[in-house]
Amino acid sequence: MTDLQSKLLEMLKEIDVICRKYQITYYLIGGSALGAVRHHGFIPWDDDADIVMTRDNWLKFESIIDQEIRPDRKYMTWQRTKDYPAIFARYSNTSTTCIVNSLSYSPISWGLMIDIFVLTPIPNDEHMRKKFHSYMRLYGEMVNPFFPVSPNSSNLQYRLFRFLCKVFGKEKILNYLADKIYGYSEDDCTHYSYCYPRVHVVYDKTIFGKPRYVPFEDTVLPVPTKAEEHFKILFGEKWFLLPKNEHQISEHRMVVDLNRPYELYTGDYLTYAPRKRLDKAYAKWKAWRVRVLHQNNLRKQSMLKFDFVKDLLEWTSLWEKHGVEIEAWFAAHRYQDVSETLIPFYSLITKAEYLAHGLFIPITDRQMEILLYMLNRDGFYDLVLKLNNFMADSPQLKTPQCSALTDFAYEKSDLVFQWSCGTPPASTYIKKLLEQYPEDYTLLFLMSDSLCSSRPPELSQIQEYCMKGLSLYPEDGAFQKFYGDFLRSSQGIEQAISYYMQAQNLTRNGFLLLEIRHFLNEKEGAQNNGNSELLV
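Everything numeric here is computed off the predicted structure, so don't read it as measured data.

*Asks:* Go over the overall build of the protein chain, please, and point to the residues and values.
*Replies:* In terms of regular secondary structure, the protein chain is built from 20 helices and 11 strands. For the protein chain, the C-alpha radius of gyration of 27 Å lies close to 24 Å, the compact-globule estimate for 536 residues. Across its three principal directions, the C-alpha atoms of the protein chain cover 75 × 75 × 45 Å. Burial status across the protein chain gives 50% buried among its 536 residues.

This is the structure in structure tokens:
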């Protein structure tokens, strides 16, 4: 845990104490909840914390926060704090500095902050939901005078409501938009959205429910009762995987000082800043940016078609050069050779930008069958689901072979979800599927994990499946971990250590990394205790 995270944890504990005292229900959300479940604490590179509560609970929190808040803390909303640039609330530590670069001229409290979002009931009707999201984007744009909060904001709408703000006053227009967003009844709606203009995610209300307290660093904090469903919606099928190393970075650009209050920094420049001129300059710049973003979106669509043609030529060239070989390898069950040839093209065929704009690379029935089989075999069942979501009406996906492979991907999705919720599927059922798909990565993973978790462990079977996994997927890391489990049970701790260390460097599976970390910490603790006894 970093020093910054330690400060955030202190603030989370303060909020938790207040909410418990007044029986206010709240949840960690987004990356903070993901860290709680996947890491039992902060995501290692995370530098913020987010919580969410229903509107009723938020109103209750608003009513008591002034009497509970510490002197070196500040609670902010746009209604309470002049020039506050967000539609969600923030709980700030004023004895620290955390100035976001893009908002450095905003004259608010720039201490370390926790964002507090509101779970808002949204209409069940699809047309009404589109209007809701449109109002949400507009609401966010009107509150924030510094930069566009969404790349999809309507330039025309923004210009119209800027004019209305000048005529009727900004506060009146913001209250009008708030009524449009928060005017739906809990009883009439089955889904929530939390108020964040940049991302419009819809959740079934049952995902939240009674909070589930989970380990978080040195305490326990609440996540949604169906947190895994929340992650699957927000982060995708494989939410339990860590991003690649190059993507393990903070999204924020800010000046941080945990030992000095922000006024020591902002006082040096805000005191002399020409406030009125700055406000006009920001308003003009933002209006230009909203207009330019809209134009850029149109340009990106044109460039997307150019990239699509380039990738289409690559795909066509692949099959012209290696099509006969691929067909022969596939027919001979030489899947490793097929995999090495096709893996570079997996992301090309399933590129979300293409699929979302209806750009589908032409593919024959046989090519689709081979592609779906190999995606499944290599553990990319999530890409099969993505293809099906966008190409459900494609005739290639309706052939008996492709339809069966798509159904198989959905079945694996369900099995992996069960595993991620702590209820792994029965090994007897996985074994039956492996008879049909003997090299399937996901099935071998689930089988190895199930056998390693059984008590007593079935050592001969663990060795069989782990060795098979290691031979087919030596660079994955998961099977290194499972083989380490086998060695720990059969030969002792020392023999397992090297495999655990290799697994740490290779796997991105957060749950496996958590297990390895706990085991290594226990071993280190046992060694320290042994050394202490020797000293005595």
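*Asks:* Could you give an account of the environment of Ile462, naming the residues involved and the relevant values?
*Replies:* Relative to the elements of secondary structure, Ile462 occurs in helix H17 (residues 459-472). In the structure, Ile462 is positioned 145 residues away from Ser317 in sequence and 42 Å away in space, judged by C-alpha atoms. Not counting residues within four places of it along the chain, the set of residues in contact with Ile462 comprises Leu451, Cys452, Pro457, Phe482 and Phe486.

*Asks:* Could you give an account of a nonpolar patch on the surface, with specific residues and numbers?
*Replies:* Taken together, the side chains of Leu160, Phe163, Val167 and Phe168 present a nonpolar region at the surface, about 410 Å² in accessible area. Within the fold, Leu160 resides in helix H5 (residues 155-168).

*Asks:* Tell me about the environment of Tyr192, and please be specific about residues and values.
*Replies:* Turning to its location among the elements, Tyr192 is positioned in strand S7 (residues 191-194). On the basis of relative accessible area, Tyr192 is assigned to the buried category, the value being 7%. Separated by 71 residues in the primary sequence, Tyr192 and Pro121 place their C-alpha atoms 4.6 Å from one another. Apart from residues no more than four positions distant in its own chain, Tyr192 is found in contact with Thr54, Leu119, Thr120, Pro121, Ile122, Glu186, Val201, Val202, Tyr203, Lys205 and Phe208. A polar contact of 2.9 Å, which involves the side chain of Tyr192, links it to the side chain of Glu186.

*Asks:* I'd like to hear about the pairing of strand S4 (residues 89-93), residue by residue, with values.
*Replies:* On any regular strand, side chains alternate: one points to one face of the sheet, the next to the other face. Counting buried residues in S4 gives five out of five residues, a clear majority hidden from the surface. Alternating positions in S4 separate into two faces, Ala89, Tyr91 and Asn93 on one and Arg90 and Ser92 on the other, with burial throughout. Bridge analysis of strand S3 (residues 73-76) against S4 gives four bridges, and the strand direction is antiparallel. Considered in S4, the bridge of Lys74 is made with Ser92. Bridge count for S4 against strand S6 (residues 112-122) is five bridges, and the pairing is antiparallel. Each residue of the ladder has a partner; that of Ala89, found in S6, is Ile116.

*Asks:* Can you break down the pattern of salt bridges residue by residue, with the values?
*Replies:* For the structure on display, the rule yields 30 salt bridges. Close ionic contact of Glu237 with Lys232 constitutes a salt bridge, the shortest N to O distance being 3.7 Å. Judged by its relative accessible area of 24%, Lys232 falls in the partly exposed class. Note that Arg377 and Glu439 form a salt bridge whose closest N and O atoms lie 2.8 Å from each other. In this pair, Arg377 sits in helix H12 (residues 365-377) while Glu439 sits in the loop between helix H15 (427-436) and helix H16 (441-453), placing the two residues 62 residues apart along the sequence. The network of salt bridges with common partners includes Glu10, Glu14, Arg70, Asp72 and Arg73.

*Asks:* Help me get a handle on the packing of helix H2 (residues 30-39) against helix H7 (residues 227-235), residues and values and all.
*Replies:* At their nearest, the axes of H2 and H7 sit 10 Å apart, and the two run at 130 degrees to each other. By the angle between their directions, the pair H2 and H7 is classed as oblique. The two elements H2 and H7 meet at a crossing, and its hand is left-handed. Contacts between H2 and H7 involve Gly30, Gly31, Ala33, Leu34 and Val37 from the former and Ala227, Glu228, His230, Phe231, Leu234 and Phe235 from the latter. Within the contact of H2 with H7, the residues separate by chemical class into seven nonpolar, three polar and one charged.

*Asks:* Provide a residue-level description of the nonpolar core, including the pertinent values.
*Replies:* Phe61, Trp315 and Leu342 are the most contacted members of the largest nonpolar core, which has 119 residues in total. Beyond its immediate stretch of four places on either side in the chain, Trp315 contacts Leu342, Phe345, Leu348, Ile349, Ile361, Pro362, Ile363 and Gln367. Formed by 50 residues, the second largest nonpolar core is a distinct cluster that contains Trp78, Val100, Leu138 and Ala273.

*Asks:* Any details on the side chain of Thr54? Residues and values, ideally.
*Replies:* If you trace the backbone, Thr54 turns up in strand S2 (residues 49-54). Here the side chain of Thr54 touches Asn57 through a polar contact of 2.8 Å, side chain to side chain. Once residues lying within four places of it in the same chain are set aside, the contact partners of Thr54 are Val118, Leu119, Glu186 and Tyr192.

*Asks:* Tell me about H15, and please be specific about residues and values.
*Replies:* Burial in H15 covers these residues: Ile430, Leu433 and Leu434. For H15, the angular spread of the buried residues around the axis is 105 degrees, confining them to a single face. For H15, the exposed residues set more than 90 degrees away from the buried face come down to Thr428, Lys432, Glu435 and Gln436. Where H15 is buried, its residues contact helix H14 (400-420), H16 and H17.

*Asks:* If you had to explain the packing of aromatic side chains to someone new, which residues and values would you point to?
*Replies:* If you walk through the whole model with that rule in mind, you get 36 aromatic pairs. Among the aromatic residues, ring-to-ring pairing joins Phe231, Phe235, Trp239, Phe240, Trp419, Tyr441, Phe445, Tyr473, Phe479, Phe482 and Phe511 into one connected group. The side chain of Arg55 reaches across the aromatic face of Tyr182, ending 4.1 Å from its centre.

*Asks:* I'd like a description of empty space enclosed by the protein, backed by residues and values.
*Replies:* For the coordinates displayed, the defined rule picks out three cavities of 30 Å³ or more. For the largest cavity, the full set of lining residues is Leu348, Ile349, Tyr354, Leu355, Leu359, Phe360, Ile361, Ile363, Met368, Leu387 and Met391. Elements supplying a minimum of two residues to the lining of the largest cavity: helix H10 (335-349) and helix H11 (352-356). Every residue lining the second largest cavity is listed: Ser134, Arg137, Leu138, Glu141, Asn152, Ser153, Ser154, Gln157 and Tyr158. Contributing elements (two or more residues each) for the lining of the second largest cavity: helix H4 (126-143) and H5. The element that contributes the greatest number of residues to the lining of the second largest cavity is H4, accounting for four residues. Among the residues forming the lining of the second largest cavity, the class breakdown is two nonpolar, five polar and two charged.

*Asks:* Got a sec to walk through the environment of Leu234? Specific residues and values, please.
*Replies:* Mapped onto the elements, Leu234 comes out in helix H7. When the C-alpha atoms of Leu234 and His39 are compared, they prove to be 17 Å apart, with 195 residues separating the residues in sequence.

*Asks:* Break down the side chain of Thr507 for me, citing the residues and quoting the values.
*Replies:* As for its placement among the helices and strands, Thr507 is situated in the loop between helix H19 (493-506) and helix H20 (510-535). Within the local environment of Thr507, its side chain forms a polar contact with the backbone nitrogen of Asn509, the two atoms lying 3.1 Å apart.

Cut-offs applied
Residues numbered from 1 in each chain as written. Predicted model: local features only at pLDDT ≥ 70, side-chain atom pairs only at ≥ 80, totals over all residues. Heavy atoms only, no water. Helix = DSSP H or I, 4+ residues; strand = E, 2+ residues; numbered from the N terminus. Rg over C-alpha atoms; globule rule 2.2 N^0.38 Å. Buried < 20%, exposed > 50% of the residue type's maximum accessible area, 1.4 Å probe, protein only. Contact = heavy atoms within 4.5 Å. Patch = residues over 30% accessible without salt bridge, like charges linked within 9 Å, V, L, I, M, F, W, Y side chains within 5 Å. Areas by Shrake-Rupley, 256 points an atom, 1.4 Å probe, with all protein chains shown as cover. Salt bridge = Lys/Arg side-chain N within 4 Å of Asp/Glu carboxyl O. Polar contact = N/O pair within 3.5 Å; in protein donor to acceptor, adjacent residues only side chain to side chain. Pairing = 2+ DSSP bridges. Axes fitted to C-alpha atoms, helices over the stretch in contact; angles between N-to-C directions. Parallel < 35°, antiparallel > 145°, perpendicular 65-115°, else oblique. Left-handed = near helix turned anticlockwise from the far one by under 90°. Nonpolar A, V, L, I, M, F, W, Y, C, P; charged D, E, K, R; others polar. Core = buried A, V, L, I, M, F, W, Y, C linked by side-chain atoms within 4.5 Å. Arc of directions from axis to C-beta. Phe/Tyr/Trp six-rings, centres within 6.5 Å; stacked < 30°, edge-to-face > 60°. Lys NZ or Arg CZ within 6 Å of the ring centre and 35° of its normal. 1 Å grid on protein atoms, 1.4 Å probe; cavity = no way out; pocket = protein on both sides within 12 Å on 5 of 7 lines; lining within 4 Å. Points joined across faces, edges and corners; volume = space filled by probe spheres on them.

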